[in-house]
Amino acid sequence: MKPTKPPVPLAGSDLRRRIIACRLCPRLVEYRENAKARPSFAAQEYWRKPVPGFGDLNGRLLVLGLAPATSGGMRTGRIFTGDSSSRFLVSALHSAGFANQPSSESVDDGLAYTDCYLTAALKCAPPGDKPTPEELSNCSPYLDDEILLMGNLESVLALGSLAFRAYLGHLGRVGVPTRGLKFAHGEAHRFRGMPTLYTSYHPSPRNTNTGKLTKGMLTSVLETIKRDFTR
Ligand code: SF4
């Protein structure tokens, strides 16, 4: 049964304020403040701050990506918003009943998630999508705090191997052994007393344009997660 508590957003919280104000990684601060806008977005003002998670902290599902996209979250100020990966992901979340609409374009587009919260392991876009281990480590307390706030959490969906490793890092920090676990699409890893970790290829254009990840594949993982909910 779906939890009856009302949705709880991160908006207005101390954690959101701390994330947005963070300047811990000099390379990423430099990049987010100075990265060149795409010609098609040149007239827009980019967000250029860290991008916290978005959705329902009372939800049973956490969807975890690696980082905001330069022309997506870093432009719009909302995670998984305004780029092709976001469109693909949100369309699948809508098909599986976790989102009220199939698109995610801007902070005022009316998108709302039901029973799920989306965030990234790294709150700032890294150049070339390649964060350093130190940057991931700097940002990990924010992910730990977001997870701590999710009192109904049952399932974590890691999008891609880097998000998968970032979640294993979280498990390691809370004392859960994860030795030997390897990333593969469509798997479920169960840990005693902890949320189940599901996996999907990342919905990047490289994967979706080549058919490595289809909408049907991602929706199928989301439907499995729903079926596995215990409450
Ligand atoms: S990546 Fe995380 S820790 Fe680094 S500056 Fe951005 S918000 Fe701060």
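Up top is the structure these notes are about.
Source: prediction; values computed, not measured.

Here's the deal with the sheet that holds strand 3 (residues 116-120)
So, step 1. Taken in spatial order, the six strands of this open sheet run 1-3-2-4-6-5, and their pairing is mixed. Two strands close off the open sheet at either side, each with one partner strand: strand 1 (54-55) and strand 5 (188-189).
So, step 2. The pairing of strand 1 with strand 3 spans two bridges and is classified as antiparallel. Paired with Gly-55 across the bridge in strand 3 is Tyr-117.

Thoughts on helix 6 (residues 161-173)
In an α-helix, one full turn covers 3.6 residues, which means residues spaced three or four apart are oriented alike.
So, step 1. In this model helix 6 runs 18 Å from its N-terminal to its C-terminal C-alpha over 13 residues, within 8% of the 18 Å that 1.5 Å per residue would give.
So, step 2. Taken together, the buried positions of helix 6 are Ala-163, Phe-164, Ala-166, Tyr-167, Leu-168, His-170 and Leu-171.
So, step 3. At the C-terminal side of helix 6, Gly-175 shows a positive phi close to 85°.

Digging into the pattern of salt bridges
So, step 1. Applying the stated rule across the entire model yields ten salt bridges.
So, step 2. Between Arg-27 and Glu-135 there is a salt bridge, with the nearest N and O atoms lying 2.8 Å from each other. Of the two residues, Arg-27 sits in helix 2 (residues 26-34) while Glu-135 sits in helix 5 (residues 133-149), which places them 108 residues apart along the sequence.
So, step 3. Residue Arg-27 is classed as partly exposed on the basis of its relative accessible area of 35%.

Things to note about the pairing of strand 4 (residues 155-159)
So, step 1. When you tally the buried positions in strand 4, you get five out of five residues, the bulk of the element.
So, step 2. Here strand 4 shows a buried face lined by Ser-155, Leu-157 and Leu-159 and a second buried face lined by Val-156 and Ala-158.
So, step 3. Two strands pair when backbone bridges link them, and strand 2 (residues 61-65) and strand 4 are joined in this way by four bridges, in the parallel orientation. Across the sheet, the residue bridging to Val-63 is Leu-157, located in strand 4.

Details of the packing of helix 4 (residues 84-95) against helix 8 (residues 215-228)
So, step 1. The N-to-C vectors of helix 4 and helix 8 enclose an angle of 50°; their axes lie 9 Å apart at closest approach. With respect to helix 8, the axis of helix 4 lies oblique. For helix 4 against helix 8, the interelement crossing comes out right-handed. Between helix 4, through Phe-88, Leu-89, Ser-91, Ala-92, Leu-93 and Ser-95, and helix 8, the contact on the second element is made entirely by Lys-215, Leu-218, Thr-219, Leu-222 and Glu-223.
So, step 2. Class assignment of the residues belonging to the contact of helix 4 with helix 8 gives a composition of six nonpolar, three polar and two charged.

A word on the environment of Ser-103
So, step 1. With respect to the helices, strands and loops of the structure, Ser-103 is situated in the loop between helix 4 and strand 3.
So, step 2. C-alpha of Ser-103 to C-alpha of Leu-148: the two residues are 45 residues apart in sequence and 28 Å apart in space.
So, step 3. Dropping the residues within four chain positions of it, Ser-103 is found in contact with Val-90, Asp-109 and Leu-111.

So, the site of the ligand
So, step 1. As a matter of local geometry, the ligand sits amid Cys-22, Leu-24, Cys-25, Leu-28, Arg-32, Pro-50, Leu-122, Lys-123, Cys-124, Asn-138, Cys-139 and Tyr-142.
So, step 2. Looking at the shell around the ligand, the elements that each hand over two or more residues are helix 2 and helix 5.
So, step 3. No other element matches the three residues that helix 5 contributes to the shell around the ligand.
So, step 4. The residue makeup of the shell around the ligand, split by class, is nine nonpolar, one polar and two charged.

Conventions and cut-offs
- Residues numbered from 1 in each chain as written.
- Predicted model: local features only at pLDDT ≥ 70, side-chain atom pairs only at ≥ 80, totals over all residues.
- Heavy atoms only, no water.
- Pairing = 2+ DSSP bridges.
- Helix = DSSP H or I, 4+ residues; strand = E, 2+ residues; numbered from the N terminus.
- Expected span 1.5 Å × (residues − 1).
- Buried < 20%, exposed > 50% of the residue type's maximum accessible area, 1.4 Å probe, protein only.
- Salt bridge = Lys/Arg side-chain N within 4 Å of Asp/Glu carboxyl O.
- Axes fitted to C-alpha atoms, helices over the stretch in contact; angles between N-to-C directions.
- Parallel < 35°, antiparallel > 145°, perpendicular 65-115°, else oblique.
- Left-handed = near helix turned anticlockwise from the far one by under 90°.
- Contact = heavy atoms within 4.5 Å.
- Nonpolar A, V, L, I, M, F, W, Y, C, P; charged D, E, K, R; others polar.
- Near = heavy atom within 4 Å.

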